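These are the residues of each chain, in order.
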Amino acid sequence: MANTELIEKINKLKKERNAIILAHCYQNPEIDFVADYVGDSLGLSRLASKTDAEIIVFAGVYFMAETAKILSPNKTVLLPNKNSGCNMADMINLKQVKEFKEKNPGVPLVCYVNSTAEVKAQCDICCTSANAIEVIKSLGEKKVLFAPDCYLGSFAQKNLPDIEIISYPGYCPTHLRIIPDEIVKMKIMYKDAKILVHPECHQEVVKLADFVGSTTQIMQYCESTKHKTYIIATEKGVVDRLKRDFPEKEFILASSKLVCHNMKWNTLDDILNSLLHNQHEVTVEEETRQKALSSIQRMIELK
Ligand code: 13P
Ligand code: SF4
């Protein structure tokens, strides 16, 4: 089916079924033709918590759809392509999170939303890359556990020197592919460029940044500043959208290796099928959901 026909069909079906399509900005850009909202994990969770739609089609990865289901248990949440996982979320399971806590008794655990429902159920509060510092600070503690991303943990530690942050050794393989040398070389080639970095990158890359932020924060920085050239150290989907939305500016992906294959599975065909056949429905066991919900809600309610 031609793309325009496919897009029309999805948009019609979406209305008929009272569905909303939420898309992360690492998705293939054609998904934006049918998405009601495109953004970062924080914005997507906020929307999932307040939508009136009966069905949420989540064009993202599994933990994002699972977060939507935790927030909206009475809605049908669909992940169009079930291969859409996250390597970082897979680095910590229930047993491992329990061991991490047991080694540090009495210390509160902050959990990056890039984790499974079982892991979220074990933590005190969730965070995203957009609010990790505020979330940790909000606890008012001297010592905090952080899982699973040790690089987001290091970034928070740098910004909160008075708090001891003990990080679990998880990481994002996509963001770790960018090495500092590549950025240094680019900065020589594009002298006036601003360097924008996602906090999942290695600390040595973060050190070279003019701005560090979540995907939406990076996009907002590009929109609200008047520079000509930006070097972007996060997943390629962000650069694809920036080039489309701001053709008068120049955006350079810091490394051609910055592609998250997990995020590229969902296609328009998959979205049509998900709406036609309710595939693939995400479920969360109720006791786990209740526990995970309080840590996500605690984050969402933070000012
Ligand atoms: P954001 O918090 O910027 O949406 O990032 C999510 C993610 O998976 C980054 O790898
Ligand atoms: Fe997971 Fe990394 Fe892909 Fe984000 S970019 S979804 S953290 S593997």
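Residues numbered from 1 in each chain as written. Chains lettered and ligands numbered in written order. Predicted model: local features only at pLDDT ≥ 70, side-chain atom pairs only at ≥ 80, totals over all residues. Heavy atoms only, no water.

A. Quick look at the sheet that holds strand β5 (residues 109-112). Pairing is parallel across the open sheet formed by four strands, whose spatial order is β6-β5-β7-β8. Of all the strands in the sheet, the pair left with one neighbour each is β6 (125-127) and β8 (164-167). Here the strands of the sheet are splayed against their neighbours by 30° on average, with no regard to which way each runs. Where β5 lies against β6, three bridges are found, and the strand directions are parallel. Directly across from C111, in β6, lies its bridge partner C126. Strands in contact with helix α4 (residues 94-103) are β5, β7 (143-147) and β8; relative to β7, the strand with the most contacts, it is inclined by about 165°. Packed on one face of the sheet, helix α7 (residues 150-159) meets β5, β7 and β8 and runs near 170° to β8. (Pairing = 2+ DSSP bridges. Helix = DSSP H or I, 4+ residues; strand = E, 2+ residues; numbered from the N terminus. Axes fitted to C-alpha atoms, helices over the stretch in contact; angles between N-to-C directions. Contact = heavy atoms within 4.5 Å.)

B. Structural detail: the packing of aromatic side chains. Summed over all chains, the structure comprises five aromatic pairs. Taken together, a centroid distance of 5.5 Å and an interplanar angle of 80° make the contact between F100 and Y168 edge-to-face. Highlighted residues: F100 in helix α4 and Y168 in the loop between β8 and α8 (180-189), separated in sequence by 68 residues. Judged by its relative accessible area of 10%, F100 falls in the buried class. For Y168, a relative accessible area of 11% corresponds to the buried category. Among the aromatic side chains, those forming a connected cluster through ring pairs are F211, Y221, Y230, F246 and F251. Cation over ring: K249 sits above F246, and NZ or CZ is 5.8 Å from the ring centre. (Phe/Tyr/Trp six-rings, centres within 6.5 Å; stacked < 30°, edge-to-face > 60°. Buried < 20%, exposed > 50% of the residue type's maximum accessible area, 1.4 Å probe, protein only. Lys NZ or Arg CZ within 6 Å of the ring centre and 35° of its normal.)

C. Quick look at the site of ligand 2. What surrounds ligand 2 is the set Y26, C86, N87, N114, C172, H175, E200, C260, N262 and M263. Here ligand 2 occupies the largest cavity. Tallied by class, the residues present in the shell around ligand 2 amount to five nonpolar, four polar and one charged. (Near = heavy atom within 4 Å. 1 Å grid on protein atoms, 1.4 Å probe; cavity = no way out; pocket = protein on both sides within 12 Å on 5 of 7 lines; lining within 4 Å. Sits in = over half its atoms within 2 Å of the grid points. Nonpolar A, V, L, I, M, F, W, Y, C, P; charged D, E, K, R; others polar.)

D. Geometry of a nonpolar patch on the surface. Judged by side-chain polarity, V184, I188 and L208 come together as a nonpolar surface patch covering roughly 250 Å² of accessible area. Mapping I188 onto the fold places it in helix α8. Residue classification places I188 among the exposed positions, given a relative accessible area of 61%. (Patch = residues over 30% accessible without salt bridge, like charges linked within 9 Å, V, L, I, M, F, W, Y side chains within 5 Å. Areas by Shrake-Rupley, 256 points an atom, 1.4 Å probe, with all protein chains shown as cover. Salt bridge = Lys/Arg side-chain N within 4 Å of Asp/Glu carboxyl O.)

E. Geometry of the site of ligand 1. Taken together, H24, Y26, D40, S41, N114, S129, H175, H198, E200, S214 and T215 make up the full set of residues adjacent to ligand 1. Between an oxygen atom of ligand 1 and a main-chain N or O atom of T215, the distance comes to 2.9 Å. For the shell around ligand 1, a count of residues per class yields one nonpolar, eight polar and two charged. (Polar contact = N/O pair within 3.5 Å; in protein donor to acceptor, adjacent residues only side chain to side chain.)

F. Quick look at the pattern of salt bridges. Applying the stated rule across the entire model yields twelve salt bridges. For the salt bridge of K14 with D36, the shortest nitrogen-to-oxygen distance reads 3.3 Å. Of this pair, K14 sits in helix α1 (residues 3-16) while D36 is found in the loop between β1 (19-24) and β2 (37-39), placing the two residues 22 residues apart along the sequence. Under the relative-accessibility criterion, K14 is labelled buried at 10%. Here K207 and E204 are joined by a salt bridge, their closest N and O atoms 2.9 Å apart. Residue classification places E204 among the partly exposed residues on the basis of a relative accessible area of 35%. A single network of salt bridges, built from pairs that share partners, joins D32, R241, R244 and D245.

G. Layout of the side chain of T67. For T67, the location among the structural elements is in helix α3 (residues 62-71). Setting aside residues up to four positions removed in sequence, T67 forms contacts with S45, K120 and I296.

H. Quick look at the sheet that holds strand β9 (residues 194-197). Across the sheet, four strands lie side by side as β10-β9-β11-β12; this open sheet has parallel pairing. One side of each edge strand has no neighbouring strand; the edge strands of this open sheet are β10 (211-212) and β12 (250-253). As paired elements, β9 and β10 share two bridges and run parallel to each other. Across the sheet, L196 pairs through a bridge with F211, a residue of β10.

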